[in-house]
Amino acid sequence: MFEELELDAKLCRAVVDMGYKKPTSVQTLVIPLAMEGKDILASAPTGTGKTAAFLLPACQFLLDFPRREPGSCRVLILTPTRELALQVYEQAKLITQHCGLECGVITGGINYGTDRETLDKNLDILVATPGRLFEHIEKESFDCRQIESLILDEADRMLDMGFSKVVNQIASEARWRKQSMLFSATLEGPGIERFATDILNEPERLEAAPSRKEHAKILQWLHLADDANHKYALLKSLLQNQVSTAVVFIKTRDRLNQLKQRLESDGIQVGWLQGEMPQDKRNAAMESFRNGQIKILLATDVAARGIDVDDISHVINYDLPRTADVYLHRIGRTGRAGKKGTAISIAEAHDMGIIKKIERYTEQRLRRRVIEGLAPKNKEARAPVKKKKPKVSKVKKSRLAKKRAGKKKAGKA
């Protein structure tokens, strides 16, 4: 229970109001150490309660050491994308609902006047994207000197998006802080190690693999497609017959637009989320999806780590991702808040290389399934190809036999 983590009764009441009954594995690992004031370097798959794992100890610190006089924000949370920033902000508001703490968010794509209104408040917690926040630091409209806790969420994604220099500059501006926490889907790679070395001070290294119970919430399988038309037919059948709410991932904006037009011409209503989309349209698309007006959301990978909706029944990989870790981020959009979810991938022959990488990375085989009337005609798609042993001629067999016989005689001698 959350009470056993020695959290304030107001915070425990908030998480109960949010529908959480007991801490997840990452929360159990992170919260006690973070409450001791230690720096944290943690890996946690998406959808395992990571946001509450850093918000709860941060809020506990603010309650234990209340502000003595008005000032700038005390806890700064940096996220790589606008969507993720807004969702962390919403979580922060829910967790602090009984505490009287002030939360704010600033991201790119929003009017600077709105930012100024936010920054003029007596903020306790600020959630921000690195680029927009650094603009305010350079303009001297944001002061980092009162930051006591710096939290980097999805640091690996920040590196992928080229934010490492900006984040290091922000960390340098907030050098009087008491604590830093860095969360990433993976701790592998020199980039994360450099990030951690530059920002953290003797961190506790935590790798929070989800428990079997948490991991089993997402059922995963694979449909094999002969070609592009067969692939579309499989998707259409899934959306019309098996799905209640779904995020469908596509690899490029152009392919997303083509798929959107094709589905809408077949009478399937969809929303969409992609890069270089005005913030008001992004927000409108997410709101329509959240409130159930739109049941199917098409998305490029810009949204893979930025969608946090509790009731997504399915994630469909219409296009396979380029890497196995992105696959995990995608499927983490379903099976959230204690619910079960389903992740379906549709693969053509050229996708089998990444499928094998995903299976190695997740340490489980994606079960092959067939939709009645849409079975793959290509024999290679229906069953894995068995490598044939090279044929050995009779002459070569004879030479090999003589060679082995000679070795046996030499051994006896």
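In this report, we go over the structure that sits alongside the text. (Residues numbered from 1 in each chain as written. Predicted model: local features only at pLDDT ≥ 70, side-chain atom pairs only at ≥ 80, totals over all residues. Heavy atoms only, no water.)

1. Focus on the pairing of strand 6 (residues 179-184)
Counting buried residues along strand 6, 6 of its 6 residues qualify, which places the element largely inside the surrounding structure. Residues Gln179, Met181 and Phe183 point to one face of strand 6 and Ser180, Leu182 and Ser184 to the other, with burial holding for every one of them. Of the pairings in the sheet, the one linking strand 1 (residues 40-43) to strand 6 comprises 4 bridges and is parallel in character. Residue Ser43 lies in a different strand from strand 6, and its bridge partner there is Ser184. Relative to strand 6, strand 5 (residues 149-152) runs parallel, the two sharing 4 bridges. (Buried < 20%, exposed > 50% of the residue type's maximum accessible area, 1.4 Å probe, protein only. Helix = DSSP H or I, 4+ residues; strand = E, 2+ residues; numbered from the N terminus. Pairing = 2+ DSSP bridges.)

2. Things to note about the environment of Leu374
Here Leu374 shows up in the loop between strand 14 (367-368) and helix 16 (379-382). The class of Leu374 is partly exposed, set by a relative accessible area of 21%. Each C-alpha atom, one on Leu374 and one on His223, is 9.8 Å from the other, the two residues being 151 residues apart in sequence.

3. Looking at helix 2 (residues 25-35)
Of the positions making up helix 2, those classed as buried are Val26, Gln27, Val30, Ile31, Leu33 and Ala34. Buried positions along helix 2 lie against strand 1, helix 3 (50-64), strand 6 and strand 7 (204-207). (Contact = heavy atoms within 4.5 Å.)

4. Quick look at the sheet that holds strand 6
Spatially, 3-4-2-5-6-1-7 is the arrangement adopted by the 7 strands of the open sheet, whose pairing is parallel. Two strands in the sheet have a free side with no partner beyond their single neighbour: strand 3 (103-106) and strand 7. On average, each strand axis in the sheet is tilted by 15° relative to the strand beside it, whichever way the strands run. This element, helix 6 (residues 130-138), spans strand 2 (75-78), strand 3 and strand 4 (125-128) of the sheet and lies at about 115° to strand 4. (Axes fitted to C-alpha atoms, helices over the stretch in contact; angles between N-to-C directions.)

5. Looking at the side chain of Asp124
Position of Asp124 relative to the elements: it lies in the loop between helix 5 (112-119) and strand 4. Taking relative accessible area as the criterion, Asp124 reaches 8% and is therefore assigned buried. Setting aside anything within four residues of it in sequence, one finds Asp124 in contact with Leu62, Arg67, Cys73, Arg74, Val75, Leu101 and Glu102.

6. A closer look at the environment of Tyr20
On the secondary structure map, Tyr20 appears in the loop between helix 1 (9-17) and helix 2. Residue classification places Tyr20 among the partly exposed residues on the basis of a relative accessible area of 28%. Those residues in contact with Tyr20 that lie beyond four places of it in its chain are Phe2, Val15 and Gln91.

7. Considerations on the pairing of strand 1
Neither face of strand 1 is exposed, since Ile40 and Ala42 on one face and Leu41 and Ser43 on the opposite face are all buried. Sheet analysis places strand 1 next to strand 7, joined by 4 bridges and oriented parallel. Paired with Ser43 across the two strands is Glu207, which belongs to strand 7.

By themselves, these figures tell us nothing about what the structure is for.
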